[in-house]
Amino acid sequence: MKWEDARRECFNEGADLAVVLNAADQAFLTNMTFQFTQQHPNVLFHSAWIGLQDMVQDNRFVWVNGIKSKSDLKFWMPGEPNNAAAQWDKDRAGQDCVVIVPPKTVGQKGWLNSWDDVVCRGQRHYICETKALILSGVKTEE
């Protein structure tokens, strides 16, 4: 679905599009897309939306939680972000939303560099995240 529709779908599930706070998050999400492609070879899976976009100002990427993308935490594919307009995009809106493109293999040099800026109206899979529920100090009746 489109980026905004995917975000709305995440909201409907009590979640939001995934946010990358560190290299471990990036490894988890990139590996998830890789594993999906391996387990579902007959599904057309080009990429998955994450919660990063620059809709307000080009090249000022902001996460859906309001945090500006940190300069030391970027996992762009080579040549990205390039803000290229897709040939089918009659409005020439540019590429304002970010996806993770599954790598061919995991663990090799550069495998985490999987971000690509794409047109937000394109059809993609998506990754939602929700806060973890941690239970502690739970008492049971004896």
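The structure this text deals with has already been given above.
Residues numbered from 1 in each chain as written. Predicted model: local features only at pLDDT ≥ 70, side-chain atom pairs only at ≥ 80, totals over all residues. Heavy atoms only, no water.

Engineer: Can you walk me through the pairing of strand β5 (residues 115–118) in this structure?
Structural biologist: Each regular strand displays side chains that alternate between the two surfaces of the sheet. Neither face of β5 is open: one carries Trp115 and Asp117, the other Asp116 and Val118, and all of them are buried. Where strand β4 (residues 97–100) meets β5, four bridges bridge the pair, whose relative direction is antiparallel. Along β5, the bridge assignment pairs Val99 with Asp116. (Buried < 20%, exposed > 50% of the residue type's maximum accessible area, 1.4 Å probe, protein only. Helix = DSSP H or I, 4+ residues; strand = E, 2+ residues; numbered from the N terminus. Pairing = 2+ DSSP bridges.)

Engineer: Help me understand the packing of aromatic side chains in this model?
Structural biologist: Given two aromatic rings, their pairing is described by the distance between the two centres and the angle made by the two planes. Under the criterion given, the structure shown has five aromatic pairs. Measuring from ring centre to ring centre gives 5.0 Å for Phe36 and Phe45, while their planes differ by 40°; the resulting arrangement is tilted. The class for Phe36 is partly exposed, based on a relative accessible area of 27%. On the numbers, 5.7 Å between centres and 75° between planes, the contact of Trp63 with Trp115 is edge-to-face. Of this pair, Trp63 sits in strand β3 (residues 62–63) while Trp115 is found in strand β5, placing the two residues 52 residues apart along the sequence. Like Trp63, the residue Trp115 is buried in the burial classification. (Phe/Tyr/Trp six-rings, centres within 6.5 Å; stacked < 30°, edge-to-face > 60°.)

Engineer: Just to check I follow, could you spell out the pattern of salt bridges for this structure?
Structural biologist: Proximity of charged atoms lets side chains of opposite charge pair with each other. Using the criterion set out here, one finds two salt bridges in the structure. Put simply, Arg8 and Asp5 hold a salt bridge, and the shortest N to O gap is 2.9 Å. Note that Arg8 and Asp5 are positioned in helix α1 (residues 3–12) at a spacing of three residues, about one turn of the helix. For Arg8, a relative accessible area of 45% translates into the label partly exposed. Here Asp5 falls in the partly exposed class, since its relative accessible area comes to 30%. A salt bridge links Arg7 to Asp16; the nearest nitrogen and oxygen atoms lie 2.8 Å apart. Overall, the relative accessible area of 21% leaves Arg7 in the partly exposed class. (Salt bridge = Lys/Arg side-chain N within 4 Å of Asp/Glu carboxyl O.)

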